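Residues per chain, in single letters:
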Amino acid sequence: MAKPRSQQISLLDTPYYHLCSRTVRKAFLCGVDKETGVSFEHRRSWIEKRLFQLSQVFAIDICAHAVMHNHLHLVLHVDSEQVKSWSIDEVLMRWHQLFKGTLLTQQYAKKQALDKFQLAMVESTAKVYKQRLIDISWFMRSLNEPIARQANREDNCTGHFWEGRFTSQALLDEGALLSCMAYVDLNPVRAAIAATPEQSDFTSIQLRIKAAIKGKQPKKLLPFVGNAHQTQCKGICFSLQDYLTLVDETGRVLREDKRGVINAEVTDILSRLHLSDESWLKLTNDFEVIFTGAVGTVEHLCEFSAHVGLQRTHGIANAKACLNSA
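Procedures and definitions
- Residues numbered from 1 in each chain as written.
- Predicted model: local features only at pLDDT ≥ 70, side-chain atom pairs only at ≥ 80, totals over all residues.
- Heavy atoms only, no water.
- Disulfide = S-S within 2.5 Å.
- Salt bridge = Lys/Arg side-chain N within 4 Å of Asp/Glu carboxyl O.
- Helix = DSSP H or I, 4+ residues; strand = E, 2+ residues; numbered from the N terminus.
- Buried < 20%, exposed > 50% of the residue type's maximum accessible area, 1.4 Å probe, protein only.
- Contact = heavy atoms within 4.5 Å.
- Core = buried A, V, L, I, M, F, W, Y, C linked by side-chain atoms within 4.5 Å.
- Pairing = 2+ DSSP bridges.
- Axes fitted to C-alpha atoms, helices over the stretch in contact; angles between N-to-C directions.

## Comments concerning the state of the cysteines
So, point 1. A complete count under the given rule lists 0 disulfides for this structure.
So, point 2. Here C63 is not cross-linked by a disulfide; its sulfur's nearest cysteine counterpart is in C180, at 9.5 Å.

Right, dumping it as structure tokens:
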């Protein structure tokens with residue numbers, strides 16, 4: 001039975017989460033429906049455009065994404081520190097980009113005169129909006145609902161487009177984060193939609209590669225910032241060059257089905273993450289099969305379970321096999 005969202009998300013333990021939304025009724029996000037011959041490729045741009053719009057409104061960053069034929073993968077970073085500095089004006093400005101708000105918040109935003117009781121109401125409402133702007137469920141609702149309506153209009157039908165719930169996995173440490181990002185970035189390669197990561201359209205890895213060629217990082221994605229001790233910038237504490245090498249080498253091995261044939265450079269990277277070669281390949285090939293809940297070392301899983309109120313800690317056996325193997 002699916003766990004309540006409160007037992008899947010704990011910002012006290014980690015700001016990183018892997019999410020997946022799947023369609024129903026053989027609905028297509030993109031690609032060509034073999035039964036009808038109709039192409040839905042254009043829907044990929046709907047998803048990506050909306051995704052990047054939301055990342056500018058919410059205090060939630062995109063680490064990785066992949067738009068597949070009938071499902072969407074995301075790795076998100078919740079920046080709960082960012083919202084602490086937001087004023088009422090900032091919160092309402094962001095919220096009104098997506099929703100109408102209330103009559104009072106609209107009047108406040110238009111600088112109309114309000115009495116102290118009305119101002120108190122606006123302040124109380126802004127506090128609610130501020131919490132929603134770091135809420136993954138509100139983020140996914142703001143992403144999925146407009147896409148569903150747009151797809152239903154195009155298909156000239158009504159009813160559900162997405163499955164009722166998106167799946168959510170907490171990524172509790174660096175090994176879990178990077179293996180999940182590689183899993184997401186390599187989805188099109190494993191599905192034989194693309195031959196290489198750079199040919200994987202509408203994915204985060206393609207955006208990172210295109211930017212890297214120009215010596216940059218894409219502004220729409222959470223950047224890699226290297227060693228955490230060397231910089232105070234917000235981002236993933238890992239080298240971009242190492243990550244691109246990691247994805248490329250892992251993807252090549254997966255496509256050729258040659259387990260363990262990884263060069264010395266990648267082995268060094270995996271050693272720093274305390275992951276063996278075989279465990280890494282297993283993680284990046286079967287991430288969702290191996291882990292159905294939070295992902296991390298045994299120690300991190302136990303702490304997470306205690307914080308979200310789970311009586312049992314799930315996934316210990318797989319964590320020992322894959323994340324505590326070195």
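Structure's up, so let's keep going.
## Regarding the pattern of salt bridges
So, point 1. The final tally for this structure, using the stated rule, is 10 salt bridges.
So, point 2. The residue R43 makes a salt bridge to D155 at a minimum N-O spacing of 2.7 Å. Taken as a pair, R43 in helix α1 (residues 43-57) and D155 in helix α5 (residues 136-155) lie far apart in primary sequence, 112 residues in all.
So, point 3. With a relative accessible area of 30%, D155 lands in the partly exposed category.
So, point 4. Across the pair E90 and R94 runs a salt bridge whose closest N-O atoms are separated by 2.8 Å. Residue E90 and its partner R94 are located together in helix α2 (residues 88-95), separated by 4 residues, close to a single helical turn.

## Some words on the environment of E198
So, point 1. Looking at the secondary structure, you find E198 in the loop between α7 (187-190) and α8 (204-213).
So, point 2. With 50 residues separating them in the primary sequence, E198 and D248 have C-alpha atoms 9.4 Å apart.
So, point 3. Not counting residues up to four positions away in its chain, the partners in contact with E198 are Q206 and I209.

## Focus: the nonpolar core
So, point 1. In this structure, L19, F58, L74, I136, F139 and M140 are the most contacted members of the largest nonpolar core, which totals 53 residues.
So, point 2. Only β1 (16-22), α1, β2 (60-67), β3 (71-78), α2, α4 (116-132), α5 and α12 (298-308) provide two or more residues apiece to this core.
So, point 3. Here the element with the most residues in this core is α5; it accounts for 8 residues.
So, point 4. In terms of nonpolar packing, the next biggest core, distinct from the first, is built from 32 residues, M181, L222, I236 and F238 among them.

## Observations regarding the sheet that holds β1
So, point 1. Within the open sheet, the 4 strands sit side by side as β2-β3-β1-β4. Their pairing is antiparallel. Only two strands of the sheet have a single neighbouring strand rather than two, namely β2 and β4 (167-170). Looking at each pair of strands side by side, their axes are set apart by 20° on average, direction ignored.
So, point 2. Here β1 runs beside β3; their pairing, made up of 7 bridges, is antiparallel. Residue pairing in the sheet places Y17 in a bridge with L76 of β3.

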